[in-house]
Amino acid sequence: MIFVSPDFFWQGNASKKKYRLARWDLICRTKDQGGLGIIDLEIQNKCLLSKWLFKLFNEDGIWQSLLRKKYLGSKTLSQVSAKPTDSHFWKGLLNVKHTFLSYTSYNIKDGSQISFWEDVWRGNRPFSERFPNLYHVVFNKHDTVEQVVSTNPLNLSFRRTLVGVKLTEYINLVAYLRDFNLADERDTISWKLHNNGQFSVRSMYQKLINQQVPFRHKYIWKLKIPLKIKIFLWYLLKGVLLTKDNLAKKNWDGSHKCYFCNCNETIQHLFFDCHHAKNLWRVVAVATGLPPPSSVAHMSSTWLLDIDAKQRKLILVGVAALCWAIWRCRNDICFNNVRYTSFLQALFRGAYWLRFWALLQPAGTQELLRSVSKNLETTALELFSRFGWKFNNRLGS
């Protein structure tokens, strides 16, 4: 499943091989960290296995008793290692054991399930690190808390007489455990990623998938436009749309020329520098009073910096419609052999989608987007009528 997931995402059930536009680990990041929020099945599997470990430690039942007798015996969970004869399920649990235990804390009761030296059960470090000189000379490094603390004095035996630093550490250890008492109940563990101490797959998944890389453009997921268009904007912001320069990076050997002019096609050229794109943005500037964006980076950062957040979202809906229209017109020429003679065809297509997506907006803003759409068309018609262009001429298909 993990191996075929990327193939299914990029190709679906199509037999023809398609390009992968981004790394799978980037796709699987959460949306607020620059990904698409696709579930990483490998991490999800670790989280689901960890849920079994939490239940094994904290609950009593038939399957818990069987696993404890067969695989744990007198050892604690942290002390057990996988054997060739172990079941596939048990090996899977042990593979995620260390990751799971790093997000847990022990609730000491009878001390029978916790290693005295190697588990973090008192303080924030194991005793093997806090008292290293004692740990190096103790006979039984795998004793449980119960085996050591249940007697007075502590049930510890060493390979040599304690003097100097070792004696000092032993005195400190005894003093540290002076007020500690065991209870007549089974040990439990708490999940540190939840305030209530209960394990959840969601909390562990978010912790493991978290790359601490904030995505500055997460606003695109809040726009009220179709999901396909949001993903298109994500591709545009990441610079991975399959323009001809990106195709060339994937060993494509076709012409690099733009379909609308004689220049090499790049994302920057297609959406901003081509004369078709420049004319489209000039009409937008006349119709709305906004200065034309100069690049994807400019459009997604400082272009609308001084505009109210609500208005900014509506403007970005219009930007998405126009960029999608440019891309669709380009693809019509590429794949359907459609002949486009004017940038107005992209503008009118974008205006149509803007009217259509107005239905997805809050009731108070729908009419505003419709009027902006109509204003774009009217402005284009009026501008070109000055140069003899006739209103009633049908645009070429």
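Above this text you will find the structure in question.
Residues numbered from 1 in each chain as written. Predicted model: local features only at pLDDT ≥ 70, side-chain atom pairs only at ≥ 80, totals over all residues. Heavy atoms only, no water.

Asker: Please clarify how the overall build of the protein should be interpreted in this entry.
Answerer: Helix and strand counts for the protein stand at 19 helices and two strands. Taking 397 residues into account, the globule formula puts the C-alpha radius of gyration at 21 Å, and the protein, at 32 Å, lies well above it. Along the three orthogonal principal directions, the C-alpha set of the protein runs to about 105 × 45 × 45 Å. Buried positions account for 45% of the 397 residues belonging to the protein. Across the protein, contacts joining residues at least 24 apart in sequence account for 59% of those joining residues at least 6 apart. In the structure as shown, the protein presents an accessible area of about 22,400 Å², 52% of it carried by carbon and sulfur atoms. (Helix = DSSP H or I, 4+ residues; strand = E, 2+ residues; numbered from the N terminus. Rg over C-alpha atoms; globule rule 2.2 N^0.38 Å. Buried < 20%, exposed > 50% of the residue type's maximum accessible area, 1.4 Å probe, protein only. Contact = heavy atoms within 4.5 Å. Areas by Shrake-Rupley, 256 points an atom, 1.4 Å probe, with all protein chains shown as cover.)

Asker: What's the story with unusual backbone geometry in this structure? I'm lost.
Answerer: The general pattern is negative phi for most residues beyond glycine and trans for most peptide bonds. Residues Asn 152 and Pro 153 are joined by a peptide bond in cis, for which omega reads 10 degrees. Locating Pro 153 in the fold gives a position in the loop between α9 (145-149) and α10 (165-176). Of note in the backbone geometry, Asn 337 takes a positive phi value of approximately 55 degrees without being a glycine. When you line up the elements, Asn 337 lands in the loop between α17 (309-336) and α18 (344-357).

Asker: How do you make sense of the pairing of strand β1 (residues 104-107) when you look at a structure like this?
Answerer: If a strand is regular, its side chains alternate between the two faces of the sheet. Only one face of β1 is covered, namely the face carrying Thr 104 and Tyr 106; the face carrying Ser 105 and Asn 107 is uncovered. In the sheet, β1 pairs with strand β2 (residues 188-191) via four bridges, with the strands oriented antiparallel. In the strand pairing of β2, Tyr 106 is matched with Ile 189. (Pairing = 2+ DSSP bridges.)

Asker: Is there a simple way to explain the packing of aromatic side chains in this structure?
Answerer: Between two aromatic rings, the relevant description is the distance of the centres plus the angle of the planes. Taken as a whole and judged by the stated rule, the model has 27 aromatic pairs. Residues Trp 117 and Tyr 135 carry aromatic rings whose centres are separated by 5.9 Å and whose planes lie at 50 degrees to one another, so their mutual orientation is tilted. With a gap of 18 residues between them, Trp 117 in the loop between β1 and α7 (127-130) and Tyr 135 in helix α8 (residues 132-137) connect regions that are remote in the sequence. Assessed through its relative accessible area of 0%, Trp 117 is described here as buried. Accessibility expressed as a relative area gives 16% for Tyr 135, which makes it buried. For Arg 130, the ring lying beneath its charged end belongs to Tyr 176, and the centroid distance is 4.3 Å. (Phe/Tyr/Trp six-rings, centres within 6.5 Å; stacked < 30°, edge-to-face > 60°. Lys NZ or Arg CZ within 6 Å of the ring centre and 35° of its normal.)

Asker: What is the right way to look at the packing of helix α3 (residues 41-58) against helix α5 (residues 88-95) in this model?
Answerer: For any two helices packed against each other, one specifies the inter-axial angle together with the distance between the axes. Relative to each other, α3 and α5 sit at 90 degrees, their axes nearing to 9 Å. Taken together, α3 and α5 sit at an angle that is classed as roughly perpendicular. Taken together, the residues of α5 that come into contact with α3 (itself represented by Leu 49, Trp 52, Leu 53 and Leu 56) are Phe 89, Trp 90, Gly 92 and Leu 93. Here the contact of α3 with α5 is built from residues that sort into seven nonpolar, one polar and no charged. (Axes fitted to C-alpha atoms, helices over the stretch in contact; angles between N-to-C directions. Parallel < 35°, antiparallel > 145°, perpendicular 65-115°, else oblique. Nonpolar A, V, L, I, M, F, W, Y, C, P; charged D, E, K, R; others polar.)

Asker: What should I look at first to understand helix α11 (residues 201-209) in this one?
Answerer: Three- or four-residue spacings in an α-helix give side chains the same orientation, since the helix completes a turn every 3.6 residues. For α11, the set of buried residues is Val 201, Ser 203, Met 204, Tyr 205, Leu 208 and Ile 209. Lining the buried residues of α11 we find α3, α6 (97-101) and β2.

Asker: What should I look at first to understand the pattern of salt bridges in this one?
Answerer: Pairs may arise between side chains of opposite charge once their charged atoms sit close together. As enumerated under the stated definition, the model contains six salt bridges in all. Here Arg 23 ties to Asp 25 by a salt bridge, and the two come within 2.9 Å at their closest N and O atoms. Residue Arg 23 is classed as partly exposed on the basis of its relative accessible area, which comes to 49%. With a shortest N-O distance of 3.3 Å, Glu 367 and Arg 370 are connected by a salt bridge. Linking Glu 367 with Arg 370, this pair stays in helix α19 (residues 363-385), spanning three residues, or about one helical turn. You can call Glu 367 exposed: its relative accessible area is 52%. You can call Arg 370 partly exposed: its relative accessible area is 27%. (Salt bridge = Lys/Arg side-chain N within 4 Å of Asp/Glu carboxyl O.)

Asker: What is the right way to look at the nonpolar core in this model?
Answerer: Nonpolar side chains tend to gather and get buried jointly when the protein is soluble and globular. One finds Trp 234, Leu 236, Phe 271, Leu 280, Trp 281 and Trp 357 to be the most contacted residues of the largest nonpolar core, which totals 66 residues. Mapped by element, the contributors of at least two residues to this core are α2 (24-27), α12 (227-238), α14 (267-273), α15 (275-288), α16 (296-299), α17, α18 and α19. Considering each element in turn, this core owes the most residues, 15 residues, to α17. Apart from the residues lying within four places of it in its own chain, the contact partners of Leu 280 are Leu 322, Ile 326, Phe 343, Ala 346 and Leu 347. Counting residues in each nonpolar core, the second largest holds 50 residues, with Trp 90, Trp 117, Phe 127 and Leu 134 among its members. (Core = buried A, V, L, I, M, F, W, Y, C linked by side-chain atoms within 4.5 Å.)

Asker: Can you help me understand the environment of Thr 30 in this one?
Answerer: Structurally, Thr 30 is set in the loop between α2 and α3. Taking the relative accessible area as the measure of exposure, Thr 30 reaches 22% and is therefore partly exposed. Here the alpha-carbon distance between Thr 30 and Asn 210, two residues 180 residues apart in the chain, equals 7.7 Å. When sequence neighbours within four positions are dropped, the list of residues in contact with Thr 30 reads Gly 35, Gly 37 and Ile 209. Here the side chain of Thr 30 touches Asp 32 through a polar contact of 2.6 Å, side chain to side chain. (Polar contact = N/O pair within 3.5 Å; in protein donor to acceptor, adjacent residues only side chain to side chain.)

Worth remembering: the numbers are spatial, not functional.
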